[in-house]
Amino acid sequence: MEEVVGPRLYSCCNCRNHVAHHDDVISKAFQGRHSRAFLFSHAMNVIVGPKEDRQLMTGLHTVADVYCSDCRVVLGWKYERAYEETQKYKEGKFVLEKSKIVKENW
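Residues numbered from 1 in each chain as written. Predicted model: local features only at pLDDT ≥ 70, side-chain atom pairs only at ≥ 80, totals over all residues. Heavy atoms only, no water.

## Here we look at unusual backbone geometry
Next, step 1: Its identity as a non-glycine residue notwithstanding, Asn45 has a phi of 55°, on the positive side.
Next, step 2: Its place among the elements puts Asn45 in the loop between strand E4 (36-40) and strand E5 (46-56).
Next, step 3: Under the relative-accessibility criterion, Asn45 is labelled partly exposed at 37%.
Next, step 4: One non-glycine residue, Arg72, adopts positive backbone phi at about 70°.
Next, step 5: Relative to the helices and strands, Arg72 resides in the loop between strand E6 (59-68) and strand E7 (74-82). (Helix = DSSP H or I, 4+ residues; strand = E, 2+ residues; numbered from the N terminus. Buried < 20%, exposed > 50% of the residue type's maximum accessible area, 1.4 Å probe, protein only.)

## With respect to the UniProt feature "domain: Yippee" (unreviewed entry) in the protein chain
Next, step 1: This chain's UniProt record puts "domain: Yippee" (unreviewed entry) on residues 8-105.
Next, step 2: The annotated region residues 8-105 carries 0% helix and 59% strand content, and the separation between its end C-alpha atoms amounts to 5 Å. (UniProt positions renumbered as here; feature names shortened; annotations may be inferred.)

## Digging into the pairing of E4
Next, step 1: Taken across its five residues, E4 has four buried, putting it largely inside the fold.
Next, step 2: The turn joining strand E3 (residues 25-31) and E4, which pair antiparallel and follow one another in sequence, is formed by four residues.
Next, step 3: As judged from the four bridges shared by E4 and strand E8 (residues 94-97), these two strands associate in the antiparallel manner. Considered in E8, the bridge of Phe38 is made with Leu96. (Pairing = 2+ DSSP bridges.)

## Concerning the packing of aromatic side chains
Next, step 1: Tallied over the entire structure, the rule returns four aromatic pairs.
Next, step 2: Consider the rings of Tyr10 and Phe38, whose centres lie 5.7 Å apart with planes at 70°: the pair is edge-to-face. You can see Tyr10 sitting in strand E1 (residues 9-12) and its partner Phe38 sitting in strand E4, a full 28 residues away along the chain.
Next, step 3: The class of Tyr10 is buried, set by a relative accessible area of 2%.
Next, step 4: Their ring planes at 55° and their centres at 6.3 Å tell us that Phe38 and Phe40 sit as a pair that is tilted.
Next, step 5: Looking at Phe40, the relative accessible area reads 0%, which means it is buried.
Next, step 6: Clustering of aromatic rings is evident, with ring pairs tying together Tyr10, Phe38 and Phe40. (Phe/Tyr/Trp six-rings, centres within 6.5 Å; stacked < 30°, edge-to-face > 60°.)

## Focus: the pattern of salt bridges
For side chains bearing opposite charge, pairing can occur when the charged atoms are close.
Next, step 1: Under the counting rule described, the total for this entry stands at five salt bridges.
Next, step 2: As a salt-bridge pair, Asp65 and Arg54 come within 3.0 Å of each other at their nearest N and O atoms. Here the residue Asp65 occupies a position in strand E6, and Arg54 occupies one in strand E5, the gap between them amounting to eleven residues. Residue Asp65 shares its accessibility class with Arg54, and that shared class is buried.
Next, step 3: Through salt bridges that share partners, Arg33, Glu52, Arg54 and Asp65 make up one connected network. (Salt bridge = Lys/Arg side-chain N within 4 Å of Asp/Glu carboxyl O.)

Here's what the structure looks like:
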C-alpha cells in the first residue's frame, strides 16, 4: 500500500493550523522579533492586523502583524509598504518566525 503524501506545509506551533506552503518560501535568511524567520510569498489561515509604520533592520516599513486564524497567536508580519527602493520586493510578502511554525508532511 502506498503512503499518500501531501504538500509540505508549515503549521502554527500552538494549534497545528496550516499557515504556509513550503513552495512559497522566498528566503530563510530573515530575522523576526524573537527568532530567525522565513519570508513567504503567501500565507493562509491567518488574520492580518492593523497597519503600522515600524523601523526594522532594513529601514522603515509599513507592516501588519499576522495572527493564526484559529488560536490567534502572533506568527510574524506582512510587509504592506517599503519606503526604500531596494526593499520594495518585500511588499505583500509575509514573514513568519521559525519559532512560531512547525513543519508538516516532511
